[in-house]
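As a plain string of letters, each chain reads:
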Amino acid sequence: MKPRRLVLIGFGAIAGDLAATLLDAPQPGYVLGVLLKPGSASRQRLPQSCTPLSDLAELAAFAPDLVVEAAGHEAVRASVPGCLTLGLPVLISSIGALHDAALLASLVATAREHGGRLLLPSGALGGLDYVRAVRHASELTLRYESRKPPAAWSAELKALGHDPDRLDAPVTLFSGNAREAAAAYPQNLNVAAALALAGPGFEATGVDVICDPATTGNTHVVTARSEFGTMHLAIANRPSPSNPKSSWIVGRSLLAAIEQFFAPVMML
Ligand SMILES: NC(=O)c1ccc[n+]([C@@H]2O[C@H](COP(=O)([O-])OP(=O)(O)OC[C@H]3O[C@@H](n4cnc5c(N)ncnc54)[C@H](O)[C@@H]3O)[C@@H](O)[C@H]2O)c1
């Protein structure tokens, strides 16, 4: 069996983590190309066996089986449409970018027209299989709570007149729906967006963003109630050693999605 050909978009904390695991995988293994921004400092960190790519033409010539974005919201706008136009499947970690309804509609239309596909991983969250199962329930209420320590929200706390170093009680920074949360915190919405897209959509997904001095990690709590029962899910993620803003588990979630993509048995 031939090695699987993957292109990673970006080579930061998550992609670096993922690449290390992929390059260690048993036969048939993976061959990696990495699309970098011009002049990117990440180029020095690329393992020797990875092929640096600088544009869509080089990406097309590399002929990947799958493209994996781990670069940020702007990269979804800049690079994903071209990949879909080439008919390629693209695994997107910056799911929050899809809160922009016009962007999502245009990516879906491009994928349909050219035979490409958008694949969305669980990322820092879990339980999306259950949320997908209840998405059409007639009595569904879905709520997501993000709880992070003050260091994660310094600027926002200061803007509200709080001193992040002297917070002695939790502060609710936001309470509303996932569409509004996206507008308020575009870079922090990947988890809420994944939940909204798996479930009943952005307007019908409730979001609370809480800054809590008593918490150390990034905690996600999801409650789904419907006529079928209740799911109450709590996840406390450790931050990535190379980027405290990202959860360490995300690279492993992408790995799990890649394994599913190539597997003869798919768990949905
Ligand atoms: N789905 C989830 O649960 C989840 C969780 C955490 C992070 N994320 C997403 O993953 C992204 C990457 O996270 P990270 O911790 O690796 O970030 P990072 O900052 O460590 O790395 C991002 C890398 O991408 C590069 N980059 C930016 N724009 C690019 C472009 N247009 N083309 C190529 N490279 C580009 C940057 O130079 C940087 O090296 C985040 O921006 C976030 O959107 C998703």
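Keep in mind that this is a model prediction, so the values were computed, not measured.

### Focus: the UniProt feature "domain: Aspartate/homoserine dehydrogenase NAD-binding" (unreviewed entry) in the protein chain
Link 1 in the chain: Residues annotated in UniProt with the feature "domain: Aspartate/homoserine dehydrogenase NAD-binding" (unreviewed entry) correspond here to residues 10-121.
Link 2 in the chain: Between the first and last C-alpha atoms of residues 10-121 the distance is 17 Å; the span itself is 40% helix and 18% strand.

### Examining the packing of helix H1 (residues 13-23) against helix H9 (residues 249-262)
Link 1 in the chain: In the contact formed by H1 and H9, the axes pass within 8 Å of each other and the chain directions differ by 50 degrees. In this view, H1 runs oblique relative to H9, as classed from their interaxial angle. For the element pair H1 and H9, the recorded crossing hand is right-handed. Here Ile14, Leu18, Thr21 and Leu22 of H1 lie close against H9, whose contacting residues are Val250, Gly251, Arg252, Leu254, Leu255 and Ile258.
Link 2 in the chain: A breakdown of the residues in the contact of H1 with H9 according to their chemical character gives seven nonpolar, two polar and one charged.

### Some points on the site of the ligand
Link 1 in the chain: Near the ligand there are 23 residues, and of these Ile14, Ser94, Ala124, Asn243 and Ser246 occur at the shortest range.
Link 2 in the chain: With respect to the ligand, the backbone of Ala124 contributes an N or O atom lying 2.8 Å from an oxygen atom.
Link 3 in the chain: Within the complex, 81% of the 860 Å² of free accessible area of the ligand lies under protein.
Link 4 in the chain: Residue assignment for the shell around the ligand shows that the elements contributing at least two residues are H1, helix H3 (73-85), helix H8 (190-198) and strand S13 (243-247).
Link 5 in the chain: Class assignment for the residues of the shell around the ligand results in ten nonpolar, eleven polar and two charged.

### As for the environment of Ser226
Link 1 in the chain: Relative to the helices and strands, Ser226 is located in strand S10 (residues 218-226).
Link 2 in the chain: Owing to a relative accessible area of 14%, Ser226 belongs among the buried residues under this scheme.
Link 3 in the chain: Taking C-alpha positions, Ser226 is 48 Å from Glu58, a pair spaced 168 residues apart along the chain.
Link 4 in the chain: Ignoring sequence-local partners within four residues, the contact set of Ser226 consists of Val134, Ala137, Glu139 and Leu140.

### Concerning the UniProt feature "binding site: NAD(+)" (unreviewed entry) in the protein chain
Link 1 in the chain: UniProt's entry tags Ala124 and Asn190 with the feature "binding site: NAD(+)" (unreviewed entry), counted in the numbering of this structure. These annotated residues cover 67 residues of sequence, and their C-alpha atoms lie no more than 8.4 Å from one another, placing them together at a single site.
Link 2 in the chain: Structurally, the position occupied by Ala124 is in the loop between strand S6 (117-119) and helix H5 (128-134).
Link 3 in the chain: Mapped onto the elements of the fold, Asn190 is located in helix H8.
Link 4 in the chain: Every residue in contact with Asn190, bar those within four places of it in the chain, is listed here: His73, Ser93, Ser94, Ile95 and Gly96.
Link 5 in the chain: Among the polar contacts made by the side chain of Asn190, one reaches the main-chain amide nitrogen of Gly96 at a distance of 2.8 Å.

What counts, and at which threshold
Residues numbered from 1 in each chain as written. Predicted model: local features only at pLDDT ≥ 70, side-chain atom pairs only at ≥ 80, totals over all residues. Heavy atoms only, no water. UniProt positions renumbered as here; feature names shortened; annotations may be inferred. Helix = DSSP H or I, 4+ residues; strand = E, 2+ residues; numbered from the N terminus. Axes fitted to C-alpha atoms, helices over the stretch in contact; angles between N-to-C directions. Parallel < 35°, antiparallel > 145°, perpendicular 65-115°, else oblique. Left-handed = near helix turned anticlockwise from the far one by under 90°. Contact = heavy atoms within 4.5 Å. Nonpolar A, V, L, I, M, F, W, Y, C, P; charged D, E, K, R; others polar. Near = heavy atom within 4 Å. Polar contact = N/O pair within 3.5 Å; in protein donor to acceptor, adjacent residues only side chain to side chain. Areas by Shrake-Rupley, 256 points an atom, 1.4 Å probe, with all protein chains shown as cover. Buried < 20%, exposed > 50% of the residue type's maximum accessible area, 1.4 Å probe, protein only.

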